[in-house]
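Below, each chain spelled out in residue letters.
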Amino acid sequence: MKTAVKLFAVLIPATFVVVFFVYPVINVLSTGLAGDGLGSLVDLFESSRERRVMWFTVWQAVASTALTLLVALPAAALVAGLSERRRRIARALVTVPFVLPTVVVAGAFEGVFQRFGLVSGTVRVHHTVWAILLAHVFFNYAVVVRTVGIHWAGLDGRLEEQARLLGAGRWRTFTEVTLPRLRPAIASAASIVFLFSFTSFGVILILGGPGRSTIETDIYRFAVTRGDLTTAASLAVVQIVAVLALISLTTRLERHRPVATRQPRQASLAVGRAWRWANVSLMLLLLGTPVAVLVERSLAVGEGYSLRHYGALVHRTRQLPVPALVAVRNSLVFAVVATALAVVVGGLASLVVVHGRRALSRVFDLGLTLPLGTSAVTIGFGILITLDEPPLDLRTSWMIIPIAHALIGVPFVVRTMVPVLRGIDNSLREVAAVLGAAPSRVRREIDLPIGSRGLVVGAGFAFAVSIGEFGATSFLPRHSDSITAPIALFRLLATPGQLLQGQAMALAVVLMVVVALAVVAIESVRGTADGGL
Amino acid sequence: MRRPTALGMAAVIGLALLTTACGSEQASGPERIEGTTLTLLTHDSFALSDSTLQAFTAQTGVKVEILESGDAGTLVSQSILSAGNPLGDVMFGIDNTFLQRGLDAELFEVYASDGLSDVPDSFRLDPLNRVTPIDFGDVCINYWTDALESGPPTALSDLTKSEFADQLVVENPETSSPGFAFLLATIATFDDWEGFWADLRANGVSVASGWEDAYYGQFISGGGDRPLVVSYASSPPAEVFYSDPPVDVAPTGVIDESCFRQIEFAGILAGTSNRLAAEALIDFMLTPVFQNDIPLSMFVFPVIDSAILPPLFSDNVTVVDDPLTLDPADIEAGRDGWTAQWVEIMFG
């Protein structure tokens, strides 16, 4: 890379994350810990309740990650085996759960539990840790399918063919030939799922039932309900340290070894027919049931069905400052800005992570992933007390919302890009160079098309994250007419009445459709950019 | 009742410009507030008809920008963190359960509006007038009328009878504002409130994390199977207003004996540079124009004696004469201990 380009690649992401994350978080934590911070940290570890909370936070996140990998990896293989067009559609469809507000998904799940008698009795899911795990699989399925799927589609299937020819069985071929090459992508996806589950809020409170707490829900409890900012800040420190430790671990796994990647093709996967159908059914049941419940509820009007709730989205109800559709438009504007930011910051940062010096690469990887594992309260309050003076008095600017969304979107871009960039086979570059291609041509024809594949998938994620984001948004001060769709939906559900409930469901369905279409559109951009691969 | 707003269509870019303007504009002299832009800091349940704030702007020449975030607790925590450099000029939405925390942090400037003469003393919890009462609502047990053949319970103590076993859903006071208000109701009612909750637990009470989960997830109204829920005195009129198919009589009722009063206040945030305009806004909040808009917009009750309740409210809800209350200072001092004890009783 040219020096100027290198400088920008380092400076832009670094400035972004320092100004909007590192500095605000340090500021709020030092404010919180100013009194007797150390004593409060010691108290945390001496309290048996808080020790239990920390332990629960970790193990439910580990279990959620393991379960999500177990369920979603076969699906990643299936998606990789599809034609590019179908693959794109499948990738967009699995993104849908991302934008659904927890309160709505929880309602849909509880409906399902009731129907199948899982509320009480011997097999009880309602208000157990199983409900939490199930919901985490639902929300994070897309992370594994998309991050690993894109990598899988790029694997050179000839290695598997050779292994089979040499007499290796199907399972052995998978574990010894395919799996090692997928490891960086799996580690990448796993770290995102872990962070999401680690900082999960609504799922824990609503589906886990009363009396269940994690570090994240306790930060809220202390900071907001009790007004005890010292304990909240201590918990936030514990959360950040735990997350840093985890990311360092997965970074190691990701680096493990570079693998051969070529242009995407239909992966030659010897997946049995029964296995394939079992997986598709599971996918439909898991992702489809809550979605079907929502669609049904959005159409239910009085005794029958109609589109009336959808029509109502055009008008302003008294509970919202603007018509619900304006909130959808606001969310779209925020998502476009947030995605653009995340792509620029995350794209450049990935280059630094892959090509930069070891220490720099480490720091970038940690610093840019950390926001995903940081409490919405920490980020929201941090921004509030830090960016409060000119030249950066952004507390009440609309820009602060897409910026906060981009902070959460950047890790997705980085985590999808890095394994893809690392996977570009050096021998490909060498062959090109030997055949006389100039370095710029090598970059244009090898790095760029392959890298852009990761970038659009990351962009789709950033977009979906922004459209569905609730926690950080609700902690930031917002002008009433720039209300986002998830906040509007939450407000519709805050007053009794069938009409408001119906409208909320219709709004949820609109959000699902919007995000599916947008992700297809984003991923098609690349389709045209690199010659319809 | 429903109209699309042209204002609402204002582009997001326009907002950015307004934001910049709002930070730099200041009243040019003590007598002139015309042309000022005030920022009203409030929670995510704030709602008004468009015409209400337009009337204020027409009267005074002061524009109002509304800045919303989270719930009342978030609002207070945010304001404490940004004390000295407040996010806005006026805060609306701090209630009696958080009031003391806000007062202790010296968030507000003293202002006694003339409009207070029309407000009953029972709402004026701060004798120093650092905050002004604007509306109130009662947190009460609601029942689904058709599901209770032998009639609803009439007192809190009925809830522990076997007749009402497995019928009540409450919210967790650690994560929900009505849940906390209901805990306060029991503390205000029983000397041995711990014993009452132990009996409730034995009688199969269900605990939800928040109001949405309780009302829509477990109460009959949202498709659940429990006929008793902790909600608001104004929930029955909302059930009528947003009914589908339309009904005239609410399917739910309220148990008067269970009602804990929540009063919402507005206050001028210390450090504002728009003091006079802020006073004008507080005055306006106590006028009939603002007060009469409160019931159908936010489903709470106006505080001034001369406010007129819409028929929907007067037909479906009676305002409780002697609701349960506790002193804000006692609430703030007791909160952590009470909730911790409650958690011990319910999940220990």
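Residues numbered from 1 in each chain as written. Chains lettered and ligands numbered in written order. Predicted model: local features only at pLDDT ≥ 70, side-chain atom pairs only at ≥ 80, totals over all residues.

Peer 1: Pulling in residues and values, what's your account of the overall build of chain A?
Peer 2: Along its length, chain A carries 22 helices and five strands. Counting only C-alpha atoms, chain A reaches 70 × 55 × 45 Å along its principal axes. Each of the 533 residues in chain A was classed as buried or not, and the buried ones make up 56%. For chain A, restricting intrachain contacts to residue pairs at least 6 apart in sequence, the fraction spanning at least 24 positions comes to 84%. (Helix = DSSP H or I, 4+ residues; strand = E, 2+ residues; numbered from the N terminus. Buried ≥ 20, exposed ≤ 12 C-beta atoms within 10 Å, placed from the backbone. Contact = placed C-beta atoms within 7 Å.)

Peer 1: With reference to specific residues and values, describe the overall build of chain B.
Peer 2: A tally of helices and strands in chain B yields 12 helices and 10 strands. Taken against the 2.2 N^0.38 rule, which gives 20 Å for 348 residues, the C-alpha radius of gyration of chain B at 21 Å falls within 12% of a compact globule. Within the span of chain B, comprising 348 residues, buried residues form 54% of the whole. Across chain B, the fraction of contacts at a sequence separation of at least 24, relative to all contacts at a separation of at least 6, is 75%. (Rg over C-alpha atoms; globule rule 2.2 N^0.38 Å.)

Peer 1: Give a detailed account of the interface of chain A and chain B, specifying residues and quantitative values.
Peer 2: Taken together, the contact between chain A and chain B spans 61 residues of the former and 59 residues of the latter. Looking at the side of chain A that touches chain B, its residues break down into 28 nonpolar, 21 polar and 12 charged. As defined by bridge partners, strand E5 (residues 478–479) of chain A adjoins strand E2 (residues 63–68) of chain B across two bridges and the pair is classed as antiparallel. Pairing of His479(A) across the sheet is with Leu67(B), part of E2(B). (Nonpolar A, V, L, I, M, F, W, Y, C, P; charged D, E, K, R; others polar. Pairing = 2+ DSSP bridges.)

Peer 1: Pulling in residues and values, what's your account of the environment of Leu313(A)?
Peer 2: With respect to the helices and strands, the residue Leu313(A) is situated in the loop between helix H13 (308–312) and helix H14 (324–355). Taking the C-alpha atoms as reference, Leu313(A) lies 8.8 Å from Val326(A); in sequence the two are 13 residues apart.

Peer 1: Can you tell me about the pairing of E2(B), naming the residues and giving the values?
Peer 2: Residues and elements named next belong to chain B. With respect to burial, E2 is a largely interior element, five of its six residues being buried. The pairing of strand E1 (residues 37–42) with E2 spans six bridges and is parallel. What sits directly across from Leu-40, in E2, is Ile-66. Remark: the E1/helix H2 (residues 50–60)/E2 crossover connection has right-handed handedness. (Right-handed = clockwise from strand over helix to strand, strands pointing away.)

Peer 1: How would you summarise helix H7 (residues 211–218) of chain B if you had to cite specific residues and measurements?
Peer 2: Because each turn of an α-helix spans 3.6 residues, side chains separated by three or four positions end up pointing in the same direction. With eight of eight residues buried, H7(B) lies mostly within the body of the structure. Here H7(B) has its buried residues at Trp211(B), Glu212(B), Asp213(B), Ala214(B), Tyr215(B), Tyr216(B), Gly217(B) and Gln218(B).

Peer 1: Tell me about helix H3 (residues 72–81) of chain B, and please be specific about residues and values.
Peer 2: Within H3(B), nine of the 10 residues are buried, which leaves the element mostly enclosed by the surrounding structure. Of all the positions in H3(B), only Ala72(B), Gly73(B), Thr74(B), Leu75(B), Val76(B), Ser77(B), Gln78(B), Ser79(B) and Leu81(B) are classed as buried.

Peer 1: Tell me about the packing of helix H10 (residues 215–225) of chain A against H3(B), and name the residues and values.
Peer 2: What describes two packed helices is the angle between their axes and the distance between those same axes. Direction vectors running N to C along H10(A) and H3(B) enclose 70°, while the axes themselves pass 8 Å from each other. By the criterion of interaxial angle, the relationship of H10(A) to H3(B) is roughly perpendicular. Each of Ala223(A), Val224(A) and Thr225(A) in H10(A) lies in contact with H3(B), whose residues at this interface are Gly73(B), Thr74(B) and Ser77(B). The class makeup of the residues in the contact of H10(A) with H3(B) is two nonpolar, four polar and no charged. (Axes fitted to C-alpha atoms, helices over the stretch in contact; angles between N-to-C directions. Parallel < 35°, antiparallel > 145°, perpendicular 65-115°, else oblique.)

Peer 1: Tell me about the confidence of the model for chain A, and please be specific about residues and values.
Peer 2: All names here are of chain A. Confidence along chain A averages 85 in pLDDT terms, with 93% of residues attaining 70 or more. Per-element confidence in chain A ranges from a low mean pLDDT of 75 for helix H18 (residues 426–434) to a high of 94 for H14. Counted against residues more than four places away or in other chains, residues 528–533, with its pLDDT under 50, gives eight contacts. (pLDDT = per-residue confidence, 0-100.)

Peer 1: Please provide a residue-by-residue account of the packing of helix H1 (residues 3–33) of chain A against helix H15 (residues 358–369) of chain A, values included.
Peer 2: Residue and element names in this part refer to chain A. Running from N to C, H1 and H15 point in directions that differ by 40°, and their axes come no closer than 10 Å. For the element pair H1 / H15, the angle class is oblique. Once H1 is placed against H15, the crossing between them reads as left-handed. Two secondary-structure elements touch here, H1 through Pro-13, Val-17 and Val-22 and H15 through Phe-364, Gly-367 and Leu-368. In the contact of H1 with H15, the residues fall into five nonpolar, one polar and no charged. (Left-handed = near helix turned anticlockwise from the far one by under 90°.)

Peer 1: Give a description of the environment of Val333(A) that names residues and reports values.
Peer 2: Mapped onto the fold, Val333(A) is located in helix H14. Val333(A) sits 13 residues away from Gly346(A) along the chain, and the two C-alpha atoms are 19 Å apart.

Peer 1: Explain the nonpolar core residue by residue, including any values.
Peer 2: With 274 residues, the main nonpolar core has Ala76(A), Leu507(A), Val515(A), Val90(B) and Leu281(B) as its most contacted residues. Composition of this core by domain shows at least three residues from each of domain 1 (7–137 + 262–302) and domain 2 (138–261 + 318–347) of chain B. When sequence neighbours within four positions are dropped, the list of residues in contact with Val515(A) reads Thr95(A), Val96(A), Phe98(A), Val99(A), Ala464(A) and Ile467(A). (Core = buried A, V, L, I, M, F, W, Y, C linked by C-beta atoms within 7 Å. Domains from an automatic or database assignment.)

Peer 1: So, unusual backbone geometry: which residues are in play, and what are the values?
Peer 2: All names here are of chain B. Cis geometry marks the peptide bond from Asp-244 to Pro-245, where omega comes out at -5°. Despite not being glycine, Glu-106 has its phi angle at roughly 55°, a positive value. Along the chain, Glu-106 turns up in the loop between helix H4 (99–104) and strand E4 (108–109). Accessibility expressed as a C-beta count within 10 Å gives 12 for Glu-106, which makes it exposed. A positive phi is found at Phe-299, a non-glycine position, where the angle reads about 55°. Position of Phe-299 among the secondary structure elements: in the loop between helix H10 (288–298) and strand E10 (301–302). The buried category is assigned to Phe-299, around which 26 C-beta atoms lie within 10 Å.

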